[in-house]
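One letter stands for each residue in the lines below.
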Number of protein chains: 2
Amino acid sequence: MSRSPDVRIPSEAELNWLTRRAVAEIVPEAELVKALKSGKHLRIKMGFDPTKPVITLGWAVGLRKLRQFQDLGHTIVVIIGDWTARIGDPSLKSETRPMLSEEEVMQNSEAILDQFFRVLDRERTEIRRQTTWFDKFSLTDVVRLSARFTLAQMLERDDFSNRYQARLPIGVHELLYPLLQGYDSVAIESDVEFGGTDQKFNILVGRELQRGVGQPGVAGNGQAVLLVPLLIGLDGQKKMSQSLGNFIGINEPPSEMYGKLMSIPDSLIGHYFELLTDVPDEELDAVRESIEKRMANPMEHKKRLAREIVGYFHSREAAQTAEDAFVRTFSKREEPEAAREIPAPANGEFKLAAFLAQNGLAASTSEANRLIDAGAVEVNGQKATRKTDGLKPGDTIRVGKHRFARIAPRT
Amino acid sequence: MSRSPDVRIPSEAELNWLTRRAVAEIVPEAELVKALKSGKHLRIKMGFDPTKPVITLGWAVGLRKLRQFQDLGHTIVVIIGDWTARIGDPSLKSETRPMLSEEEVMQNSEAILDQFFRVLDRERTEIRRQTTWFDKFSLTDVVRLSARFTLAQMLERDDFSNRYQARLPIGVHELLYPLLQGYDSVAIESDVEFGGTDQKFNILVGRELQRGVGQPGVAGNGQAVLLVPLLIGLDGQKKMSQSLGNFIGINEPPSEMYGKLMSIPDSLIGHYFELLTDVPDEELDAVRESIEKRMANPMEHKKRLAREIVGYFHSREAAQTAEDAFVRTFSKREEPEAAREIPAPANGEFKLAAFLAQNGLAASTSEANRLIDAGAVEVNGQKATRKTDGLKPGDTIRVGKHRFARIAPRT
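Residues numbered from 1 in each chain as written. Chains lettered and ligands numbered in written order. Predicted model: local features only at pLDDT ≥ 70, side-chain atom pairs only at ≥ 80, totals over all residues. Heavy atoms only, no water.

Undergrad: Where do I start with the overall build of chain A in this structure?
TA: If you tally the helices and strands in chain A, you get 18 helices and 11 strands. At 23 Å, chain A has a C-alpha radius of gyration in line with the 22 Å of a compact globule built from 411 residues. Projected onto its principal axes, the C-alpha positions of chain A cover 65 × 55 × 45 Å. Counting over 411 residues, chain A shows a buried share of 51%. Within chain A, contacts between residues at least 6 apart in sequence are counted, and of these 70% link residues at least 24 apart. (Helix = DSSP H or I, 4+ residues; strand = E, 2+ residues; numbered from the N terminus. Rg over C-alpha atoms; globule rule 2.2 N^0.38 Å. Buried < 20%, exposed > 50% of the residue type's maximum accessible area, 1.4 Å probe, protein only. Contact = heavy atoms within 4.5 Å.)

Here it is, written out as structure tokens:
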């Protein structure tokens with residue numbers, strides 16, 4: 001391995017942080033460490049699905065890890081899954097209509113990349129589109145690619161084997177998707193692929209395909225696998241995800257981000273400190289012990305956590321302002337000054353739930369309806385119902401404890 | 001269904017013959033009968049694999065059935081599986097080398113079509129090449145196609161489920177092949193697809209795909225399925241196939257064909273009469289009873305069978321000549337006059353087994369070696385060994401009881 005002049009070799013302490021903190025698994029670990037010590041320049045692959053434009057803090061765990069690699073001089077190769085987004089899941093759709101138009105895909109991709117660059121270093125990021133290679137993929141290419149794996153190998157993937165055991169349908173095309181994701185690695189000649197622990201199977205497919213065509217990766221055997229833990233969502237139960245509504249978006253304003261972080265169960269405090277902050281391991285242990293043994297009010301740890309995270313994505317000042325507003329609201333139940341302004345609804349048919357979802361006050365129309373029915377939505381301090389009528393400039397909306405908005409004057 | 005002026009409506013007796021004799025299964029039968037009675041013109045699909053240029057009597061069973069449809073005015077659409085032949089089985093081959101060159105595929109295809117036209121009516125045959133549609137198939141096409149089936153549906157195919165149960169590998173690409181064969185039906189808009197009973201699954205896939213895109217087939221639900229029984233090979237045990245060596249080629253000379261037919265076990269006589277001759281059902285029953293109850297020497301039935309079949313593929317006279325020669329040889333053990341002439345081997349290294357295989361006197365070099373070791377090969381009346389040296393013009397070769405050849409004078 002030849003040393004690249006742009007790459008800095010990490011100290012033992014840095015190496016330890018890089019490969020242990022907020023890392024679930026590295027395969028093969030010794031070879032990746034050796035490569036980092038040799039000063040070889042690494043190309044680290046990260047793919048994303050541009051179907052929806054929202055990036056959650058679940059992503060931030062990995063983005064922060066990747067930024068550490070960039071700070072040593074390595075390159076992140078971001079793959080826009082535009083081919084996959086365009087085709088969607090054809091077993092659910094009409095035959096010919098693409099799931100997203102090319103324009104929608106590119107708009108979403110730009111929105112997502114903007115969010116990535118809140119963490120990643122733009123200068124050390126290479127952006128590639130899947131369609132570059134898949135638009136010219138022939139039937140022969142598909143058959144040769146899929147001939148490299150057996151059905152039994154594919155059924156080793158947990159979600160396939162679980163569904164197969166449970167007699168749930170698995171579309172034949174679904175078996176192709178891990179192969180296509182794996183082929184992305186061949187197309188960009190990655191040395192390492194990064195993902196959440198649920199991506200291990202797919203990343204190993206890419207490693208195997210690279211091996212088949214003699215691409216070395218970090219140690220002559222195809223790309224290494226770098227897995228980060230999955231972040232638990234605000235509910236304290238499930239993986240953070242947009243579709244479950246238990247998420248914080250990476251570009252939410254400071255007050256929303258702060259409020260949502262203050263809403264997590266105490267059991268998540270240590271988890272979030274570990275995966276989303278640079279608080280050293282010893283302090284982390286102390287926080288965990290304090291919460292476990294009820295040594296201090298967990299609220300104080302949570303405030304520090306929220307300050308750290310909001311400070312990282314916005315600024316120390318923004319974090320302090322959000323905290324001040326939160327404390328004021330939480331202690332005095334007064335309407336916050338920092339209510340977000342949203343445009344007045346258009347004239348004509350008005351549905352409160354749809355309006356909340358469109359303006360980011362609920363994850364979806366159905367979540368909004370649930371919240372309305374649960375009495376968690378107020379308009380001008382009064383509980384709203386599904387029948388609540390059109391809103392006018394100056395009206396205030398409160399959703400749950402932490403989401404506030406005010407209807408903007410018409411322009 | 002509109003009546004076509006070129007189509008003749010069969011009588012009840014013809015209809016019975018068409019749908020019962022040498023037919024294993026028709027799906028859906030009532031609808032196909034209705035279509036035949038309506039005088040609608042049918043496009044009947046038959047695909048073939050041009051990997052090897054030999055067509056056996058196993059094929060003749062179906063070809064004869066298809067000729068009956070042609071005689072009523074229907075069209076046979078022959079699909080050259082040139083795309084599949086070119087790619088072969090990529091899991092067994094080096095990454096990039098095609099299994100057969102385009103030229104080899106076309107040479108084999110022409111040889112095969114010549115053999116088909118010993119039975120089929122060239123005027124009512126349409127010839128299509130798979131590459132016409134598959135060379136421009138995109139990755140999107142493949143994914144949409146495979147999204148129409150689930151893994152569980154594919155594993156209903158016997159050979160997949162058997163291999164899966166037995167933990168034998170199934171390449172992911174193998175799951176695509178039935179879908180591609182099915183797509184052929186969509187590409188040519190067939191009304192009926194013909195095949196051996198082992199093709200039922202694949203043909204039903206085509207029916208399902210046509211249904212998905214609204215192609216009517218015979219009864220508004222995609223192509224009908226017409227299955228003929230598999231012909232047992234000369235060994236009386238397994239399906240006739242070139243690779244097992246238990247076959248008669250459709251264009252073998254009269255004496256070879258006759259001799260091989262005389263070598264079949266008595267248990268096959270009724271089976272061959274049924275599938276390869278027009279001997280009426282009542283006579284067929286009489287033959288079966290005679291053999292079962294040993295009412296006459298089965299050899300006489302076999303001779304009639306051999307005359308019928310050789311007469312069909314060559315001529316009544318050729319069949320008689322073959323019989324006369326056979327009787328002479330068989331009874332007097334004299335060398336037949338009709339020995340085939342084969343060219344003298346080239347100078348240089350000579351291997352008898354390879355020479356026999358090259359000249360069609362054995363199915364393969366390894367079969368030839370087995371025959372030599374078993375003492376079943378004679379050169380100039382003397383048992384040959386693996387060390388038997390080069391042959392000169394005028395030398396005679398006998399392989400088993402029925403294969404004779406003479407080395408031709410050098411030209």
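Undergrad: Looking at this structure, I do not really get the pairing of strand E6 (residues 224-228) of chain A. What am I missing?
TA: For a regular strand, the rule is simple: side chains alternate between the two faces of the sheet. Residues and elements named next belong to chain A. Within E6, 5 of the 5 residues are buried, which leaves the element mostly enclosed by the surrounding structure. Where burial is concerned, the two faces of E6 agree: the one with Ala224, Leu226 and Val228 and the one with Val225 and Leu227 are both buried. Both strand E1 (residues 25-27) and E6 contribute to a ladder of 3 bridges, which runs antiparallel. Across the sheet, Val27 pairs through a bridge with Val225, a residue of E6. (Pairing = 2+ DSSP bridges.)

Undergrad: Can you help me understand the interface of chain A and chain B in this one?
TA: One widely used convention gives an interface's size as the accessible area the parts lose upon coming together. Listed as interface residues are 34 residues of chain A and, on the opposing side, 33 residues of chain B. Summed over both partners, the interface of chain A with chain B comes to about 3100 Å²; 72% of that surface belongs to carbon and sulfur atoms. Of all residues in chain A, Leu139(A), Arg144(A) and Val172(A) give up the largest surface area on contact with chain B, accounting jointly for 23% of the area buried on that side. Counting every contact that joins chain A to chain B gives 0 salt bridges. At the junction of chain A with chain B, the criterion picks out 4 residue pairs in polar contact (both at pLDDT 80 or more). Sorting the residues of the side of chain A that touches chain B by element identifies helix H4 (82-87), helix H7 (139-146), helix H8 (151-154) and helix H10 (172-188) of chain A as the ones contributing at least two each. In terms of residues, the side of chain A that touches chain B owes the most to one element, H10(A), which gives 7 residues. (Buried area = accessible area lost by both parts, 1.4 Å probe. Salt bridge = Lys/Arg side-chain N within 4 Å of Asp/Glu carboxyl O. Polar contact = N/O pair within 3.5 Å; in protein donor to acceptor, adjacent residues only side chain to side chain.)

Undergrad: For this particular structure, what's the right way to read the packing of helix H1 (residues 12-20) of chain B against helix H2 (residues 29-38) of chain B?
TA: Between two packed helices, what matters for the description is the angle formed by their axes and the separation of those axes. Residue and element names in this part refer to chain B. At a closest axis distance of 12 Å, the pairing of H1 and H2 adopts a crossing angle of 140 degrees. On the basis of the axis angle, H1 is oblique to H2. Crossing handedness for the pair H1 and H2: right-handed. Residue-level contacts link Glu12, Leu15, Leu18, Thr19 and Arg20 of H1 to Glu29, Val33, Leu36 and Lys37 of H2. Taken together, the residues that form the contact of H1 with H2 break down as 4 nonpolar, 1 polar and 4 charged. (Axes fitted to C-alpha atoms, helices over the stretch in contact; angles between N-to-C directions. Parallel < 35°, antiparallel > 145°, perpendicular 65-115°, else oblique. Left-handed = near helix turned anticlockwise from the far one by under 90°. Nonpolar A, V, L, I, M, F, W, Y, C, P; charged D, E, K, R; others polar.)

Undergrad: Looking at this structure, I do not really get the pattern of salt bridges. What am I missing?
TA: Close approach of charged atoms allows side chains of opposite charge to pair. On inspection of all chains with the given rule, the structure shows 62 salt bridges over all chains. Ionic pairing is found between Lys392(A) and Asp395(A), a salt bridge with its closest N-O pair at 3.1 Å.

Undergrad: In this structure, what is going on with helix H13 (residues 269-276) of chain A? I would like to understand it.
TA: Given 3.6 residues to a turn, an α-helix orients residues that are three or four positions apart in the same direction. All names here are of chain A. Taking burial as the measure, the 8 residues of H13 include 7 buried ones, the bulk of the element. Within H13, burial applies to Ile269, Gly270, His271, Tyr272, Phe273, Leu275 and Leu276. Among the structural elements, helix H3 (57-71), helix H12 (254-262), helix H14 (281-292) and helix H15 (298-313) are those in contact with the buried residues of H13.

Shape is all these values report; function is a separate question.
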